[in-house]
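The primary structure of each chain is shown beneath.
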Amino acid sequence: MVAGSRITGMLLCRAGADRVAFRAHEVATIESPSTFGGLTGSACQGFGQHAGAERILVAATGESVGVDALEIDSEPLVLLPAPGVLCRVAGGSLRGFVQAHGMLWPLMSLAEFGRYLAPSTREAA
């Protein structure tokens, strides 16, 4: 992805009071929390909040991230670059920002954010 380029097919998600976006093509399935028995990292944890996901986004490679709510946005959105100081945030999963509904949404790699939030990753840190 080139910063400033237009991208389509986004999942705009809520994680507690915070927001996070993922490219729709990165999501293989959307599951219920019971599918993983509580072993999925929640996006809320990435924002320093208590976990409590209603939906689990699963990448084709198996990584998963829990979110509280989601909506699909098919409108073209401009990808804004992440400042260099943020490039290593959340295990290097931040890809930039998109603006939707008058707000900035951090665009994350689902697989990399899932690895960052995984219980075994948090225990090792």
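That block above? That's the structure.
Small disclaimer: the values here were computed from a predicted structure and weren't measured.

Participant: Explain the sheet that holds strand E4 (residues 27-31) to me, please; I cannot follow it from the model alone.
Facilitator: Pairing between the strands of a sheet is mediated by backbone hydrogen bonds and can be parallel or antiparallel. Across the sheet, three strands lie side by side as E4-E5-E6; this open sheet has antiparallel pairing. The sheet is open, and its two edges are formed by E4 and strand E6 (64-67), each paired on a single side. Taken pair by pair, the neighbouring strands of this sheet meet at an average axis angle of 25°, ignoring direction. Here strand E5 (residues 55-59) runs beside E6; their pairing, made up of four bridges, is antiparallel. Note that in E6 the partner of Arg-55 across the bridge is Val-67. Lying over the sheet, helix H2 (residues 110-117) contacts E4, E5 and E6, oriented at roughly 85° with respect to E6.

Participant: Hey, could you run me through a nonpolar patch on the surface in this one?
Facilitator: Among the surface-exposed residues, Val-78, Leu-80 and Leu-104 lie close enough to one another that they form a single nonpolar patch of about 200 Å² accessible area. Within the secondary structure layout, Val-78 lies in strand E8 (residues 77-80).

Participant: I tried to follow the environment of Gly-62 on my own but got confused; where do I start?
Facilitator: Relative to the helices and strands, Gly-62 resides in the loop between E5 and E6. In the structure, Gly-62 is positioned 35 residues away from Val-27 in sequence and 9.9 Å away in space, judged by C-alpha atoms.

Participant: Help me understand the pairing of strand E9 (residues 94-100), please; the structure alone is not making it clear to me.
Facilitator: The side chains of a regular strand alternate, first on one face of the sheet and then on the other. Most of E9 sits out of view: five of its seven residues are buried. Sheet topology places E8 next to E9; two bridges connect them, and they run antiparallel. Counterpart to Leu-79 in the pairing with E9 is Val-98. In terms of strand pairing, E9 meets strand E10 (residues 103-108) through six bridges, oriented antiparallel. Residue Leu-94 lies in a different strand from E10, and its bridge partner there is Met-108. Counted along the chain from E9 to the antiparallel partner E10, the turn is two residues long, and its residue His-101 has a positive phi close to 55°.

Participant: Whenever I open this one, the nonpolar core confuses me. Can you help?
Facilitator: For soluble globular proteins, nonpolar side chains are generally found buried alongside one another. Residues Phe-22, Leu-57, Val-65 and Phe-113 are the most contacted members of the largest nonpolar core, which totals 21 residues. Broken down by secondary-structure element, the contributors of at least two residues to this core are strand E2 (10-15), strand E3 (18-23), helix H1 (43-46), E5, E6, E9 and H2. Of the residues forming this core, the biggest block, four residues, is contributed by H2. Membership of the second largest hydrophobic core comes to 10 residues, among which are Ile-7, Leu-79, Ala-100 and Trp-105.

Participant: Honestly, the layout of surface pockets in this entry has me stumped. Any pointers?
Facilitator: With a probe scaled to a water molecule rolled over the atoms, the places where space remains empty come into view. Roughly 170 Å³ of internal volume is contained in the largest pocket. Along the walls of the largest pocket sit Val-20, Gly-46, Phe-47, Leu-86, Val-89, Ala-90, Leu-94, Phe-97, Pro-106, Met-108, Phe-113 and Tyr-116, which together make up its complete lining. Elements represented by at least two residues in the lining of the largest pocket include exactly E9, E10 and H2. When its residues are assigned to classes, the lining of the largest pocket shows 11 nonpolar, one polar and no charged.

Definitions and limits used
- Residues numbered from 1 in each chain as written.
- Predicted model: local features only at pLDDT ≥ 70, side-chain atom pairs only at ≥ 80, totals over all residues.
- Heavy atoms only, no water.
- Pairing = 2+ DSSP bridges.
- Helix = DSSP H or I, 4+ residues; strand = E, 2+ residues; numbered from the N terminus.
- Axes fitted to C-alpha atoms, helices over the stretch in contact; angles between N-to-C directions.
- Contact = heavy atoms within 4.5 Å.
- Patch = residues over 30% accessible without salt bridge, like charges linked within 9 Å, V, L, I, M, F, W, Y side chains within 5 Å.
- Areas by Shrake-Rupley, 256 points an atom, 1.4 Å probe, with all protein chains shown as cover.
- Salt bridge = Lys/Arg side-chain N within 4 Å of Asp/Glu carboxyl O.
- Buried < 20%, exposed > 50% of the residue type's maximum accessible area, 1.4 Å probe, protein only.
- Core = buried A, V, L, I, M, F, W, Y, C linked by side-chain atoms within 4.5 Å.
- 1 Å grid on protein atoms, 1.4 Å probe; cavity = no way out; pocket = protein on both sides within 12 Å on 5 of 7 lines; lining within 4 Å.
- Points joined across faces, edges and corners; volume = space filled by probe spheres on them.
- Nonpolar A, V, L, I, M, F, W, Y, C, P; charged D, E, K, R; others polar.

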